[in-house]
Amino acid sequence: MSRNRYPLAALVLFLSAVVGQAQPFGGPLDKPTPIPLLAALLPYIGGENVKKELKLTPEQSKRLLAFRTKEWDHVYTTARKDLKSDEMNKAAVAELTTVLKPEQLPRAKELAAQTVWNQYRYSIYEGRGRGTTTGLSYSIVSASLLQTYPEFVAALKLSEAQANILKTTDNQFRYFQGVYLTSAQTDAIKTLLGPPMAGPMVAEYDTRSRGGFGRFMTGPQDLAYTASPDVQKELKLTAEQVKALDELRPQSTSPRSRTPLNPDVSPAADEKARADQLAAGTAAMAKILTPEQRTRLDQLGRRTLATNAEFFATNTFGKELDVTAEQRKAYQAVVKAHDEAIAKAVLADESVEKVKTAVTALNKAHNEACDAILTPEQRAKRTELLGADFQGRMSVNPFGGRPSTNLARIREMVFGKYVTHLSTLARYEGVQAELKMTAEQVKKAEAAAQEVTTKFSPRGIITGDDEKMKQLYADRSAFVEKALADILDPGQRDRFRELMLQQTESRPSFPFSTTTGPVSYPGVAEAIKLTAEQKKKLLTGGEAAADVLTAEQQKAIKAMLGKPVDVAKVFIDPSSVRPTQISLLPAYDTLLDTTLWGELKLTPEQITKLAPAANEYLFSTAVNSGGFGLNSGGGNGFGAPPANDTAKLKATIDTFTQAADAILTADQRKRLDQLSVQQRAATSLANVLAVPFLMDVQKALAITPEQMQKINTLSANSQELANLIGIGPGGFGEGTTLTDALAKLRDRLDEKLMSELTPAQTAKWKELIGEPYAGFVKQPLFGLGRRGGGPGGPGGRGF
């Protein structure tokens, strides 16, 4: 029942296509075609705030709306390849220029610039993609905006380095690439935008042309269900029926136009083709299935709906039951009460198990309250429409790919099996050094790791075929066991086992982990005489290993660990953590966040020097790493560049680092370090204190292994509580009760984490962060199973 969500950049491109048709319904990888700035105002001319701001007369509004409708009709009935974008853009500008009075035009251009600026804003430019920094920055601009609206380029008077970024940025990543501006250029942007409009600007778009993104499944949804072995068994399909449905499925679930943005097809023709295809698929299914099978398949389809879907105004299930507006209103009141009760239970500071029990009872009471809203006749009809209970899996996976299985089943399949051991042996240099592996052994490990990946891939196994999956895991485990015996000598194998057990023990047992601690390692369960009941508790994820195992069993596992090592150092993955010589240190990465330049009190002269250095850094890392990307070069960000040319990358980073050091004063450099720690802590304090690759703070605080284990345990417990929010029938109602609870859980976790520090460590922490910066927004804990909502708007939840 979730709604499709698209990346903002893709959505902006789609909206721009509808507005100016410079890229008439162009896909995300199309080369941007310049759009006149004034044309961007066309979708907004019907908004009351724009009418008021421009002082439009009724006659002006009527004429402009009529023009827009005419353009929409033309776009809807014309194939993309036949749309004359330039002519349409010029016509829009001409119409606006003709209709608006001379005194209205300057403000209209400012409003158009504001709409464009706001559309192309993205967290990558304000907060370096971390989403923890509030505020709007005028010191960086989207490369895609500049490529699409030349009037911004003209106003900025780009330098050669800035222009090179626009020329070099490849199409795939241009939405995420920024161009840093000097102080003079920032002033030019503010002049172009003019005074902010009072009130929001609301755009209107042709809803008939909505089919641009994500509509690849055009056949009947229930046809995809028939691919599931469980559904086939439930419907008692014959071999002939299964074959006929298998042949029908590819034809009906692939769009006839091959792409929802086919240049040869108009939106109107595409919509008709989709409707015809859906009707044809439905008719073909009717010929294959018996009436009884068709009825049961409809029942199974309704069972995939969200809990209490009958109360959703847009759901057809509610229409089938004749649910009234008053009943939907009563349902919202029940949801609100349930959300408040869930939040109270989760925030009661009780044990996780006690909270789980309370949440289970609340969910049961909620279902009963929802049932009471319906009349007896509606409940009877609902039972009829849903049919008998179904415990199988619908397994909607029409495009193939890796089967989806639930966590408990995966845990059971990998329990006691060798899984990622060869890749660990081949990847971690610290493990290789601890085992004193030879170069030949490392080479053999790398070859075996590659072979196990290709030889034992689950791709192609039908979703839900547990027997084949179990056999796959068993065969893979046997292969890995034999490979380890071939690669390592007996002493190395014993030590490798100890290292793996230590690594597994050091990791927090998050509810979504596929392993259950050292007890899941091959041979451990048998050695400690794990009971069937204990294994069941571990596999379901309801209890932590420490709460399931006896003291004797835990003692036995401790004895298996061998000589202790620094797990954080031994298991550093070179593919996920790059050496400091080819990645920015966290502080310099934070410096690329322009929203912090004011907090650093950078002068116009400093910004004028820093902007070219930042642009040169982005340009050089893009060239030396094979393309522009998210956070290019940010070693501790989420987009560190691949080390295609290590020497050049190192030189690029050294150049930017040296330039930054020469620009910043000593006080600014100190403050930058503090902001870097604050920014990371705003995202996750637990990670800053305990995640191995964020070692700078841990070293500064001298976090002990015991503290790290305690931090991981507190974090895991808090995550379990967060997972209880959004799971169940209430799951994120209209208000913010549960999202506020997630934020409070994060606050409580941070308080507990700080309480684990010694007085000396607390004093050092305060020194590391300095004066708290109000612009950082602490990220709440996020629970599994959320149906919507989010952390809420920025502001008000400072660091």
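Since the structure is predicted, the reported quantities are computational estimates derived from the model, not experimental observations.

Analysis parameters
- Residues numbered from 1 in each chain as written.
- Predicted model: local features only at pLDDT ≥ 70, side-chain atom pairs only at ≥ 80, totals over all residues.
- Heavy atoms only, no water.
- Helix = DSSP H or I, 4+ residues; strand = E, 2+ residues; numbered from the N terminus.
- Buried < 20%, exposed > 50% of the residue type's maximum accessible area, 1.4 Å probe, protein only.
- Areas by Shrake-Rupley, 256 points an atom, 1.4 Å probe, with all protein chains shown as cover.
- pLDDT = per-residue confidence, 0-100.
- Contact = heavy atoms within 4.5 Å.
- Phe/Tyr/Trp six-rings, centres within 6.5 Å; stacked < 30°, edge-to-face > 60°.
- Core = buried A, V, L, I, M, F, W, Y, C linked by side-chain atoms within 4.5 Å.

1. Side note on the overall build of the protein
Then step 1. Assigned secondary structure in the protein consists of 38 helices and 2 strands.
Then step 2. Expressed as a percentage of the 799 residues in the protein, the buried residues total 50%.
Then step 3. Total accessible area on the protein stands at roughly 37800 Å², and carbon and sulfur atoms take up 55% of it.

2. Some points on the confidence of the model for the protein
Then step 1. With 78% of its residues at a pLDDT of 70 or more, the protein shows a mean pLDDT of 80.
Then step 2. No element of the protein has a lower mean pLDDT than helix H1 (residues 8-20), at 34, and none a higher one than helix H38 (residues 759-769), at 97.
Then step 3. Here residues 1-30 scores under 50 on pLDDT; set against residues more than four positions off or in separate chains, the count is 81 contacts.

3. Remarks on the packing of aromatic side chains
Then step 1. What the rule picks out here adds up to 10 aromatic pairs.
Then step 2. Ring geometry for Trp117 versus Phe152: centroids 6.3 Å apart, planes at 25 degrees, classification stacked. A residue pair is termed long-range when its members are at least 10 positions apart, and Trp117 in helix H5 (residues 105-119) and Phe152 in helix H7 (residues 150-156) qualify at 35 residues.
Then step 3. Judged by its relative accessible area of 0%, Phe152 falls in the buried class.
Then step 4. Consider the rings of Phe456 and Phe479, whose centres lie 5.4 Å apart with planes at 55 degrees: the pair is tilted. Taken together, the residues span a long stretch of sequence, with Phe456 in the loop between helix H22 (439-455) and helix H23 (466-487) and Phe479 in helix H23 at a distance of 23 residues.

4. Topic: the nonpolar core
Then step 1. Ranked by internal contacts, the top residues of the largest apolar core, which has 48 residues, are Leu422, Leu425 and Val431.
Then step 2. Tallying contributions element by element places H23 first for this core, with 8 residues.
Then step 3. With residues near it in sequence (within four places) discarded, Leu425 still touches Val431, Gln432, Leu435, Met437, Ala445, Leu484, Ile487, Leu488 and Phe496.
Then step 4. By size, the runner-up hydrophobic cluster in this structure holds 42 residues, among which are Ala39, Leu111, Leu156 and Met201.

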